[in-house]
Amino acid sequence: MEEGYFGGEDGSEDELDERRDLFRYVTADNAAEYLAVMDQFTQTLLTDLSAAEVSEALAKRGIALSPEDAEARCASLVRWKNLMPSARDPRVPTVAALRHTRARFQVTRLGGTVHRQVTKVLQMRDGAREVARELLGSMAALLSKILRQAQHPRTIDAEALAADATTVFTNQAYFADSIRDFYAYLSSVLVRYDLAGEEYASFKGLLLEYVHLIDTDVSRHSPAVLKCLEDLQPVLDHVLNALDSLPGLASADGTPVERLPGRQYNDWAELQAWYSGADGGMSGPAQLRAAAESALGQLLTNARRMLTPGGTGGARRSDLMHLAGLFAQASVEEAHRGFAAAFGAYPARHVSFGPEEADPRDTASTSWWDAGPVDVPVSLRERGTRTARGRTARVPDPGMDIARLQEEAAQELAARQTAGAELAAAGALDGAHLTPSARDLLLELVSMALAKELRPSQVVRVEDVDLHVAVDVAESETDTVIRSDDGDTTFLCLALKACAADEARPGGPPAKSAAAELSADADEDRQPPSAAGGVR
């Protein structure tokens, strides 16, 4: 095999960049194949495999990977320092054996460590992890045992002392890891704004009971652990000398060897600092109590939010999960209809009131990018609450509004009276020219006449007594065309004539006055005239 086959690295890369390369196979293309290859190399100790053997082993697991692809994956892992080429025996009995020993690989120390951590993360659940609180009492007992041996250096059992020291530091590391994972889970749940209902009740029990249990154990055992560590300081040299007397690992090239925890003075100093809070920092037990108080405060904040009348109410998580299940089973058309029905997400329409409006709105042709923004209250935008804040505003004086409304009503009535007078003076309406307001009034009266009789065989009269105008509607063989400034209006097969309300009907007796008619028809079941204009 030619030189540089396994990546061609010249060793000039920074060591930190090389450590980052150890994680490349997790997110690289064909990451599943890289993970499967690394599984084969880390499942046993001192695994030495060729690319062909890797391909055969993966085929038994149902993963199809040709020997050429397997060799390419192994070469990439060698370039990233996860694997390293293994020494091979060139003396082989057959060509098949030569094929299997052509290039062999084995896992590196850092590559195996990274893969074990990656596998642990991929298999880890998102839920809570129990805290190993029972280790605190065991640590206090072991430290007391170590202290008794250190106080009598001539009778120290080095093997038993090493086992106790290793157990103390291993328990401390596991306890600290479980504490960090548990409070990370609490943080991920407490930030949820939709926490309510049964889920809130179960989480409240977890927080009030389990966190209190952890805090109780820490408060009971941490003083004993700290007392033992402080008493060990004067005799710590006896402990370290006894541990150094045991056989250890030495590097052939003189590079430092990573020793077990508890074999150096700094290990004991860091352990004591975790319980005492040296250098002005917060101790581990104090951090646990502060985190518990913070979690309890956030829980009370969520409780106040749910009890606030102006709040968002209960959580909708279960409803949204049920809706997601319905979407998963629905067709594309049903999903669109369901989404529109659930969220009111119908096609948006901008309504415009025309160019005469003093303050024109965004029309249907206005892009959302160019449309004016919508003001959202600060409380709703930043805190998610609709509760009003600040003092109550003063009640405005409605006098000016009442005067304005009265003036607008008077102007509207004057305009309608002008339109009624114009319409009454028009007479026969075929070919007449009316203003838009008079034309609109005519449309109202004609619609009322046709509501009485759609195809009037005789003359139907409709009157507006307040505007003192009447319209006679009759069926005709010709159309009636009325012209206005904004267009022409055609009434098909109708003859229209406008007159004053007290004018006699064509071919009928003289009309009574409006007051007489109202008095004569008082017993009839009809709608009384409205304030804006009575019509009969």
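What this report covers is the structure whose coordinates are included nearby. The shown structure was predicted, so the numbers you read here are calculated from the model rather than taken from an experiment. (Residues numbered from 1 in each chain as written. Predicted model: local features only at pLDDT ≥ 70, side-chain atom pairs only at ≥ 80, totals over all residues. Heavy atoms only, no water.)

### Let's talk about the pairing of strand 4 (residues 460-464)
Phase 1 of the analysis: With five of five residues buried, strand 4 is to be regarded as a mostly interior element.
Phase 2 of the analysis: Residue alternation in strand 4 divides its side chains into two sets, Val-460, Val-462 and Asp-464 and Arg-461 and Glu-463, and both sets are buried.
Phase 3 of the analysis: Across five bridges, strand 4 lies against strand 5 (residues 469-475) in antiparallel orientation. Paired with Val-460 across the two strands is Val-473, which belongs to strand 5.
Phase 4 of the analysis: Linking strand 4 back to strand 5 in an antiparallel pair, the connection comprises four residues, with His-468 at a positive phi of about 60 degrees. (Buried < 20%, exposed > 50% of the residue type's maximum accessible area, 1.4 Å probe, protein only. Helix = DSSP H or I, 4+ residues; strand = E, 2+ residues; numbered from the N terminus. Pairing = 2+ DSSP bridges.)

### Looking at the packing of aromatic side chains
Phase 1 of the analysis: Under the definition given, this model contains five aromatic pairs.
Phase 2 of the analysis: An angle of 55 degrees between the planes, with centres 5.5 Å apart, marks the rings of Tyr-34 and Trp-80 as tilted. Of the two residues, Tyr-34 sits in helix 3 (residues 31-42) while Trp-80 sits in the loop between helix 5 (67-79) and strand 2 (83-86), which places them 46 residues apart along the sequence.
Phase 3 of the analysis: Taking the relative accessible area as the measure of exposure, Tyr-34 reaches 6% and is therefore buried.
Phase 4 of the analysis: On the basis of an interplanar angle of 80 degrees and a centroid distance of 6.2 Å, the ring pair of Phe-175 and Trp-274 is categorised as edge-to-face. With Phe-175 in helix 9 (residues 158-190) and Trp-274 in helix 12 (residues 265-276), the pair connects residues that are 99 residues apart, well separated along the chain.
Phase 5 of the analysis: Through pairs of rings, three or more aromatic residues link up here, namely Phe-175, Trp-274 and Tyr-275.
Phase 6 of the analysis: Here Arg-73 stacks its cationic end above the ring of Tyr-34, 5.7 Å away from the centre of that ring. (Phe/Tyr/Trp six-rings, centres within 6.5 Å; stacked < 30°, edge-to-face > 60°. Lys NZ or Arg CZ within 6 Å of the ring centre and 35° of its normal.)

### Focus on the pattern of salt bridges
Phase 1 of the analysis: In the structure shown here, the tally under the stated rule is 18 salt bridges.
Phase 2 of the analysis: With a shortest N-O distance of 3.2 Å, Arg-259 and Asp-244 are connected by a salt bridge. Placement of Arg-259 in the loop between helix 11 (236-244) and helix 12 and of Asp-244 in helix 11 is noted, with a sequence separation of 15 residues between them.
Phase 3 of the analysis: A relative accessible area of 40% means that Arg-259 is categorised as partly exposed.
Phase 4 of the analysis: The partner of Glu-463 in a salt bridge is Arg-461, with the nearest N and O atoms 4.0 Å apart. (Salt bridge = Lys/Arg side-chain N within 4 Å of Asp/Glu carboxyl O.)

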